[in-house]
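Overview (structure and organization)
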There are 2 protein chains.
Amino acid sequence: MSAYHPLNEEEAIEIARSLEGFFPGSGPLNCREIGDGNLNLVFHISDPASGQSLIMKQALPYAKVVGESWPLTLDRARIESEALQLEGKLAPGLVPQVYLYNPELALTIMEDLSDHVIMRRGLIEGGRYPLFSEHISTFIAQTLFFTSDLGMNQQDKKLNVGRFINPELCKITEDLIFDDPYTDAENNSFEDAIRDEAEALWNDGQLHVEVALLREKFLTQAQALLHGDLHTGSIFITPESTKVIDPEFAYYGPMGFDIGAVIANLLLNYAAREGWDHDDDAVLDYQNYLLETVREVWTKFEAKFRALWDEHGQDRLAKTAPGYKDDYMLRLLRDTIGYAGCKMVRRIVGLAHVADIDRIEDAAVREQAQRAALAIGKSLIKLNRQASSIEQLIQTAQTASAAAKA
Amino acid sequence: MSAYHPLNEEEAIEIARSLEGFFPGSGPLNCREIGDGNLNLVFHISDPASGQSLIMKQALPYAKVVGESWPLTLDRARIESEALQLEGKLAPGLVPQVYLYNPELALTIMEDLSDHVIMRRGLIEGGRYPLFSEHISTFIAQTLFFTSDLGMNQQDKKLNVGRFINPELCKITEDLIFDDPYTDAENNSFEDAIRDEAEALWNDGQLHVEVALLREKFLTQAQALLHGDLHTGSIFITPESTKVIDPEFAYYGPMGFDIGAVIANLLLNYAAREGWDHDDDAVLDYQNYLLETVREVWTKFEAKFRALWDEHGQDRLAKTAPGYKDDYMLRLLRDTIGYAGCKMVRRIVGLAHVADIDRIEDAAVREQAQRAALAIGKSLIKLNRQASSIEQLIQTAQTASAAAKA
């Protein structure tokens, strides 16, 4: 890796030009660094003459989060690039196309999606995406099924597990999602107004057992290649198109972690609206849209996953043992609910928050949203092993959120 | 690996001599190849002058089982050697000492245990090993705990998972233990007298679900570094000493698979005696000795594992979440019971049998033993997810075995 150094804009342009046949003319290219500088450099390079453009993402050898900096392997660029290419094969059109991966520079050159918006921003602005549940359910069903022991050669799957061992990025998840929020950890970050809620989390033994079980599965269950960070900030969207980006947290883990991430982030936006004026029908209508999307994500995922199982199942016994598939799907639902809960809780009291809630300007409204999100998150975590349908998740979320308001 | 070739006895002696300081004089060394030639060459090399001796084990690039031959990676020699050395550190004195590992030749030079007997033979001959449960419970508690997320750095553990990915040897287990016995597979091997039992296995949906769940865990649950083949043929023993050998099946899997293997092989010997004359108190007495050993293996393992957890636990939440440890131990017990059952069934109808039963000369007595082993195995598989104590395992085994006789 001796050739590695963080690129400047001139170097980025030079590399872009060397991409054969991409930029047709020899005119000047525009280049902007648009990353947040915490983990990666991201260059947007475009040709005003042809209108062609691309994205160059280069991993930095450290992570910066709220001022702190810690070293991070550049190997995550390989993992991200390989995961993106694999996802592209399994779920065509639902991830950006990769044009080139340069391991020395930890650099991936890929499709520019500037015509899309980040879904989190889209939801904050009240956007509706009628094809989202169709697209994301295809993405998760295809990528999870065909990287699991159910859908691929089981010996090749073991080699895949080795290829996607990702200790440093997993550690971030293990600490920030499955540990810190449940103790008085230095990395926690929450507003004084909800200190009572944070302290309640630290002292809730029943919750700790459920989180410990979900943490254990995250640590040990090599079920499928996960995206690993599938929140609405990792999704580019338009009403017609959905593109999942940034799989640098990819590793072999429990499927429910990815599905739960999608659902948690829809519910965080739901909770964000809990402090709004509910005499306003538009608020309730949008919340219902979000809940309906949650329902559709699961039901469409389940239908697609079951169809793949029937048509492409690789495991003889999994195909023939009576009731095994139903049992498997039930366990997936339960994991999904548990992980969704964990992902909500950490966004309120843990290190990394979400704009859906943090950018609410009115302190009382913001507090209401935080309490609603925590109430939903805790309820889902406690529900997970008892759940038997997606309707239970939705009802639990509504009830918990309403109770937090009373 | 171009230097690789199967060694002859002269070459083996030459390599042994080069082991610094091992054979003091320059007199002639004796060499015998004592392997069964199916997977490995095993040379026993000794110096009549000094009395020193050692074992050289060289992996062959193929496996031969009942005439069939299929290619097998030499990398398993690395896995075996690394597993042996790791086990030696975690459970000192309970595995043969490794003197040298030569990767080019897929060769491990290790301690000669000729003063021990293979435990399977010892049990067949009615030997008693008063320290066995103490030793083996230490071996499994130490090796499983300290290679798991409970007992070691959780990021290093992920690297370990990668180091011990072992697709070819796992495939043997997946096929022969978790698939073939439950369908009319070509590799199955059973006597005509028990065809009714074999066919019953192929058509028992309830059993198939349980086996599918145990198979799923074997495929996905990277809980700890397993020995992977911990039957009584992989244990050298004397009344004072226990040495676990041959971890070439080592990989990260569910802990219960190793514990279950030990218990299954004690119960196979128990079943072997079911056709004997039970008016003979000695038979009953030995069967009771075996059941008592089963009980001790679990109870001592559990006590040691819990003590390690309390003293050396690495996972904050696992240590503090109330009731989590009890839940974990219960799940371990259930897995142990399920895997013990699978390991018994495969030894009666699957490809590889055990001498405890196959070498019974009287056909009726042998059939009785086979039916008893199958009855116990099936009952344990069906019990596994309902079990709550080791006493249930023992009672279920006794009841099932007695019913098979009636």
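All values derive from a computational prediction rather than experimental measurement. (Residues numbered from 1 in each chain as written. Chains lettered and ligands numbered in written order. Predicted model: local features only at pLDDT ≥ 70, side-chain atom pairs only at ≥ 80, totals over all residues. Heavy atoms only, no water.)

A separate point is the interface of chain A and chain B. Chain A puts 40 residues into the contact, and the matching count from chain B is 40 residues. Between chain A and chain B, the buried area comes to about 3,300 Å², and carbon and sulfur atoms account for 59% of it. Here chain A and chain B share eight salt bridges between them. As a salt-bridge pair, Asp315(A) and Arg215(B) come within 2.8 Å of each other at their nearest N and O atoms. On inspection of chain A and its partner chain B, the count reaches 20 residue pairs in polar contact (both at pLDDT 80 or more). Residue contributions to the side of chain A that touches chain B peak at 10 residues, all from helix α8 (residues 205–220) of chain A. Looking at the side of chain A that touches chain B, its residues break down into 18 nonpolar, nine polar and 13 charged. (Contact = heavy atoms within 4.5 Å. Buried area = accessible area lost by both parts, 1.4 Å probe. Salt bridge = Lys/Arg side-chain N within 4 Å of Asp/Glu carboxyl O. Polar contact = N/O pair within 3.5 Å; in protein donor to acceptor, adjacent residues only side chain to side chain. Helix = DSSP H or I, 4+ residues; strand = E, 2+ residues; numbered from the N terminus. Nonpolar A, V, L, I, M, F, W, Y, C, P; charged D, E, K, R; others polar.)

The next thing to look at is the UniProt feature "binding site: ATP" (unreviewed entry) in chain A. Residues and elements named next belong to chain A. As annotated in UniProt, the feature "binding site: ATP" (unreviewed entry) corresponds to Asn 40, Lys 57, Glu 111, Asp 112, Leu 113, Asp 246, Pro 247 and Glu 248 in the numbering used here. With respect to the helices and strands, the residue Asp 112 is situated in the loop between β7 (107–111) and β8 (117–118). The exposure class of Asp 112 is buried, given its relative accessible area of 15%. If sequence neighbours within four positions are ignored, Asp 112 has contacts with His 44, Ser 53, Leu 54 and Ile 55. Within the secondary structure, Glu 248 sits in the loop between β11 (242–244) and β12 (251–253). Judged by relative accessible area, Glu 248 falls into the buried class, the value being 6%. In this view, Glu 248 contacts Asn 40, Lys 57, Arg 76, Ile 79, Glu 80, Asn 166 and Leu 169; residues no more than four positions away in its chain are not counted. (UniProt positions renumbered as here; feature names shortened; annotations may be inferred. Buried < 20%, exposed > 50% of the residue type's maximum accessible area, 1.4 Å probe, protein only.)

Turning our eyes to something else, we now look at the packing of aromatic side chains. One pass over the full model with this rule turns up 38 aromatic pairs over all chains. Relative to Phe146(A), the ring of Phe145(A) lies with its centre 5.1 Å away and its plane at 90 degrees, an arrangement referred to as edge-to-face. Taken as a pair, Phe145(A) and Phe146(A) share a single burial class, namely buried. When the ring of Trp309(B) is compared with that of Tyr328(B), the centres are 5.1 Å apart and the planes differ by 80 degrees; the resulting orientation is edge-to-face. Of this pair, Trp309(B) sits in helix α10 (residues 281–312) while Tyr328(B) sits in helix α12 (residues 324–349), placing them 19 residues apart in sequence. Take Trp309(B) and Tyr328(B): they sit in the same class, and that class is buried. An aromatic cluster is defined as three or more aromatic residues linked by ring pairs; in this entry it consists of Phe145(A), Phe146(A), Trp298(A), Phe301(A), Phe305(A), Trp309(A), Tyr324(A) and Tyr328(A). (Phe/Tyr/Trp six-rings, centres within 6.5 Å; stacked < 30°, edge-to-face > 60°.)

Below, the discussion takes up helix α12 (residues 324–349) of chain A. The terminal C-alpha atoms of α12(A) lie 38 Å apart, and with 26 residues this matches the ideal 38 Å at 1.5 Å per residue to within 8%. Counting buried residues along α12(A), 21 of its 26 residues qualify, which places the element largely inside the surrounding structure. (Expected span 1.5 Å × (residues − 1).)

Below, the discussion takes up the packing of helix α5 (residues 154–163) of chain A against helix α6 (residues 167–176) of chain B. Packed helix pairs are specified by the crossing angle of their axes together with the interaxial distance, meaning the distance between the axes. The N-to-C vectors of α5(A) and α6(B) enclose an angle of 140 degrees; their axes lie 10 Å apart at closest approach. What the angle tells us is that α5(A) and α6(B) run oblique. Considering how the two elements wind past one another, α5(A) and α6(B) form a crossing that is right-handed. Facing α5(A), whose interface residues are Gln154(A), Gln155(A), Lys158(A) and Leu159(A), α6(B) presents Pro167(B), Cys170(B), Lys171(B) and Glu174(B). (Axes fitted to C-alpha atoms, helices over the stretch in contact; angles between N-to-C directions. Parallel < 35°, antiparallel > 145°, perpendicular 65-115°, else oblique. Left-handed = near helix turned anticlockwise from the far one by under 90°.)

Turning to the sheet that holds strand β2 (residues 40–46) of chain A, a few remarks are in order. Residue and element names in this part refer to chain A. Taken in spatial order, the five strands make up an open sheet running β1-β2-β3-β7-β6, and their pairing is antiparallel. Of all strands in the sheet, those bounded by a partner on one side alone are β1 (30–33) and β6 (98–102). For this sheet, the mean inter-axis angle between neighbouring strands, taken without regard to orientation, is 15 degrees. As judged from the seven bridges shared by β2 and strand β3 (residues 53–59), these two strands associate in the antiparallel manner. Bridge pairing in β3 links His 44 to Ile 55. Sitting on the sheet, helix α2 (residues 75–90) touches β2, β3, β6 and β7, and the angle it makes with β6 is about 155 degrees. (Pairing = 2+ DSSP bridges.)

To continue, consider the sheet that holds strand β1 (residues 30–33) of chain B. Residue and element names in this part refer to chain B. With antiparallel pairing, five strands are arranged side by side in an open sheet as β1-β2-β3-β7-β6. On the outer flanks of this sheet lie β1 and β6 (98–102), each paired with one strand and no other. Across the sheet, the mean angle separating the axes of adjacent strands is 15 degrees when strand polarity is ignored.

Let us look at the side chain of Ser46(A). Residues and elements named next belong to chain A. Along the chain, Ser 46 turns up in strand β2. Take Ser 46: its relative accessible area is 16%, and that puts it in the buried class. Beyond its immediate stretch of four places on either side in the chain, Ser 46 contacts Phe 23, Leu 29, Asn 30, Gln 52 and Ser 53.

Least-squares fitting of chain A to chain B yields an RMSD of 0.0 Å, with the transformation described by 0.0 Å of translation along the axis and a rotation of 180 degrees. Here the transformation between the copies is reduced to the relation of a two-fold axis. Comparing interface residues between copies, 100% of those in chain A also lie at the interface in chain B; the contact surface is shared. (Least-squares fit on C-alpha atoms with pLDDT ≥ 70 in both.)

The subject of this paragraph is the domain arrangement of chain A. Reports often express the size of an interface as the amount of accessible area lost when the parts come together. Residues and elements named next belong to chain A. Along its sequence, chain A is organised into domain 1 (9–111) and domain 2 (117–405). Here the C-alpha centre of domain 2 lies 27 Å away from the C-alpha centre of domain 1. Contacts between domain 1 and domain 2 engage 25 residues on the former and 27 residues on the latter. At the boundary of domain 1 with domain 2, total buried surface from both sides reaches about 2,200 Å², with 64% on carbon and sulfur atoms. Here domain 1 is connected to domain 2 by five salt bridges. As a salt-bridge pair, Lys 57 and Glu 248 come within 3.4 Å of each other at their nearest N and O atoms. Joining domain 1 to domain 2, the criterion identifies nine residue pairs in polar contact (both at pLDDT 80 or more). Counting residues per element, the side of domain 1 that touches domain 2 draws most heavily on α2, at 10 residues. Partitioned by chemical class, the residues of the side of domain 1 that touches domain 2 number 14 nonpolar, three polar and eight charged. (Domains from an automatic or database assignment.)

Our focus in this paragraph is the environment of Glu125(B). Relative to the elements of secondary structure, Glu125(B) occurs in the loop between α3 (119–124) and α4 (132–146). Residues Glu125(B) and Asp356(B), spaced 231 residues apart in sequence, show a C-alpha to C-alpha distance of 9.4 Å.

Now for the UniProt feature "binding site: substrate" (unreviewed entry) in chain A. Residues and elements named next belong to chain A. Taken from the UniProt record, the annotation "binding site: substrate" (unreviewed entry) applies to Asp 229 and Arg 346. A stretch of 118 residues holds the annotated residues, and the largest C-alpha distance among them is 13.2 Å, short enough that they meet in one place. Tracing the chain through its elements places Asp 229 in the loop between β9 (224–226) and β10 (235–237). Structurally, the position occupied by Arg 346 is in helix α12. Apart from residues lying up to four places away in sequence, Arg 346 is in contact with Leu 176, Ile 177, Pro 181, Leu 351 and Ala 352.

This paragraph deals with unusual backbone geometry. The backbone of Ala106(A) shows a phi angle near 50 degrees, a positive value even though the residue is not glycine. As for its position among the elements, Ala106(A) is in the loop between β6 and β7.

Residues and elements named next belong to chain A. Helix length check: helix α14 (residues 363–383), at 21 residues, gives a terminal C-alpha distance of 30 Å against a target of 30 Å (1.5 Å per residue), a fit within 8%. Of all 21 residues that make up α14, 16 are buried, and the element is covered over most of its length. One side-chain oxygen at the N-terminal end of α14 lies 2.9 Å from the backbone nitrogen of Ala 364; it belongs to Asp 362.

All right, on to the pattern of salt bridges then. Residue and element names in this part refer to chain B. Within the structure shown, the criterion is met by 72 salt bridges over all chains. We note a salt bridge from Arg 120 to Asp 356, for which the minimum N-O separation is 2.8 Å. Of this pair, Arg 120 sits in helix α3 while Asp 356 sits in helix α13 (residues 355–358); the two residues are 236 residues apart in sequence, bridging distant segments of the chain. By relative accessible area, which is 9% here, Arg 120 ends up buried. One salt bridge connects Asp 149 with Lys 157, and the closest N-O pair in it is separated by 2.8 Å.

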